[in-house]
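Residue strings, one per chain:
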Amino acid sequence: ISTKDNVCMIQSGNWQYAVKCIDANYPKYEQVIPKNSSEVLEFTDGDIARLKEIMPELVNPNTNTIHLYIGTHGVRLLGETGKSFAPDVRMIGSKGDDAVTSFNSEFLLQAFELGFNHLEFSEYDPVRVGRGESLICFMPLSNCQSKEEIIKMVNKNQPATKNKEAKPMPAP
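Computed from a predicted model, the values in this text were never measured in an experiment.

Quick notes on the rules
Per chain, residues are indexed from 1 in the order of the written sequence. In keeping with the predicted nature of the model, local features appear solely for residues at pLDDT of at least 70, side-chain atom pairs appear and are counted solely at 80 or more, and the whole-chain, interface and lining totals rest on all residues. Water and hydrogen atoms play no part in the side-chain values, which are based on all heavy atoms of the structure. Each Phe, Tyr or Trp ring (for Trp, its six-membered ring) is paired with any other whose centre lies within 6.5 Å, and the angle between the two planes then decides the class: stacked below 30 degrees, edge-to-face above 60, tilted in between. What makes a nonpolar core is a set of buried Ala, Val, Leu, Ile, Met, Phe, Trp, Tyr and Cys residues whose side-chain atoms join them at distances within 4.5 Å. A 1.4 Å probe rolled over the protein chains alone gives each residue an accessible area, and that area as a share of the maximum for its type sets the label: buried under 20%, exposed over 50%, partly exposed in between. Each helix is a run of H or I in the DSSP string that is no shorter than four residues. Each strand is a run of E no shorter than two, and both are numbered from the N terminus. The contact definition used throughout considers only heavy atoms, calling two residues in contact when any of these lie within 4.5 Å. Helix span, as expected, comes to 1.5 Å for every residue beyond the first. Bend at a given residue is defined as the angle between two axes, one fitted to the seven residues that end at that position and one fitted to the seven that begin there. Paired strands, in this sense, are two strands between which DSSP finds at least two bridges. With axes taken as lines fitted to C-alpha atoms, and helix axes fitted only over the stretch in contact, angles between N-to-C directions fall between 0 and 180 degrees. Salt bridge, as used here: a side-chain nitrogen of Lys or Arg that lies within 4 Å of a carboxyl oxygen of Asp or Glu. Exposure above 30% relative accessible area and the absence of a salt bridge qualify a residue for a patch, where like charges join within 9 Å and nonpolar side chains (Val, Leu, Ile, Met, Phe, Trp, Tyr) within 5 Å. Residue-level accessible areas treat just the shown protein chains as cover; the underlying method is Shrake-Rupley with a 1.4 Å probe.

J.: What is the right way to read the packing of aromatic side chains from this model?
T.: On inspection of all chains with the given rule, the structure shows three aromatic pairs. One aromatic cluster in this structure is built from Phe-103, Phe-107 and Phe-138.

J.: What am I meant to see in the nonpolar core here?
T.: Soluble globular proteins: nonpolar side chains tend toward being buried together. If you look at the biggest cluster of nonpolar residues, it comprises 27 residues, and the most contacted ones within it are Leu-41, Phe-43, Leu-51, Leu-58, Leu-68, Leu-119 and Val-129. Elements supplying a minimum of two residues to this core: helix H2 (45-58), strand E5 (65-71), strand E6 (74-79), strand E9 (99-104), helix H3 (105-113), strand E10 (118-121) and strand E11 (127-131). Looking at which element gives the most residues to this core, the answer is H2, with five residues. If near-sequence neighbours (up to four positions away) are discounted, Leu-119 is found in contact with Glu-39, Val-40, Leu-41, Phe-43, Leu-68, Leu-108, Val-127, Arg-128 and Val-129. Counting seven residues, the second largest nonpolar core, distinct from the first, contains Leu-78, Val-100, Ile-150 and Ile-151.

J.: Just to check I follow, could you spell out H2 for this structure?
T.: Since one α-helical turn is 3.6 residues long, residues separated by three or four positions face the same way. Spanning 14 residues, H2 covers 19 Å between terminal C-alpha atoms, matching the ideal 20 Å at 1.5 Å per step. At Lys-52, H2 shows its maximal bend, which comes to roughly 40 degrees, and the proline Pro-56 appears one to four places after that position. Regarding H2, the residues found buried are Gly-46, Asp-47, Ile-48, Leu-51, Ile-54, Met-55 and Leu-58.

J.: Sorry, what's going on with the sheet that holds strand E2 (residues 7-12) here?
T.: Think of a sheet as strands paired side by side through backbone hydrogen bonds, with each pair either parallel or antiparallel. The strand order across the open sheet built from three strands is E1-E2-E3, with neighbouring strands paired in antiparallel fashion. The sheet is open, and its two borders are formed by strand E1 (2-4) and strand E3 (15-20), each paired with just one other strand. Taking each pair of neighbouring strands and ignoring which way they run, the sheet shows an average axis angle of 20 degrees. Pairing of E1 with E2 involves three bridges; the strand directions are antiparallel. Bridge pairing links Ser-2 to Met-9 in E2.

J.: Would you mind going over the pattern of salt bridges with me for this structure?
T.: A side chain with one charge can pair with a side chain of the opposite charge if their charged atoms come near. This structure, assessed with the given rule, holds four salt bridges. One salt bridge in this structure joins Glu-113 and Lys-52, with 3.1 Å as the shortest N-O distance. In this pair, Glu-113 sits in helix H3 while Lys-52 sits in helix H2, placing the two residues 61 residues apart along the sequence. Taking relative accessible area as the criterion, Glu-113 reaches 58% and is therefore assigned exposed.

J.: Just to check I follow, could you spell out a nonpolar patch on the surface for this structure?
T.: Together, Ile-1, Ile-10, Trp-15, Tyr-17 and Val-19 make up a nonpolar patch on the protein surface, roughly 550 Å² of accessible area in all. Ranked by the residues each element gives to the nonpolar patch, the list is headed by E3, at three residues. Structurally, Trp-15 can be placed in strand E3. The exposure class assigned to Trp-15 is partly exposed, which follows from its relative accessible area of 48%.

J.: Help me understand the pairing of E11, please; the structure alone is not making it clear to me.
T.: In regular strands, side chains alternate between the two faces of the sheet. Across the five residues of E11, four count as buried, placing the element largely inside the fold. By the bridge criterion, three bridges tie E10 to E11 in an arrangement that is antiparallel. Its bridge partner being in E11, Leu-119 is matched across the sheet by Val-129. Hairpin connection between E10 and E11: a loop of five residues separates the two successive antiparallel strands, and Tyr-124 in this loop has a positive phi of roughly 75 degrees. Sheet topology note: the E11/strand E12 (residues 134-138) ladder contains five bridges and is antiparallel. By the bridge assignment, Gly-130 is partnered in E12 with Leu-135. Joining the antiparallel neighbours E11 and E12 is a turn of two residues, in which Gly-132 adopts a positive phi near 65 degrees.

All we've got here are geometric facts, nothing functional implied.
Okay, structure coming up:
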């Protein structure tokens, strides 16, 4: 990695990538990506493996939308297909009320592929997935079902797909 004359160049082997640095005042990333999320989860390796397997059953391949619910019914990942998955995640923090966010499932799967297992969100804020100091953020979807509709899906007497291989993580 090198910089010269407002150009940043990244070079590796036979390829190189150069971008022009724009001289401007930028907001601190903490102002753009909220640090204190109200809902915090850690996924087990077993849950991640099982979720990768069943994601095609949960999501509509045309939209890849997944809904994440945290609340009185625990944690649920719900797809537009009507199926759900109740992972054995460790809830590190929750404000206690029903909370919902919806996002493209491909972003979550990519984060899992990178070894990330720590997920944070507050309603309407970016979803943060990371491990240690590494972090991926993606925006929630706003053009899908309402919070009330998702909570109705959770309340249906439809059995959730449960991960039988995962063991709950020990308390910190």
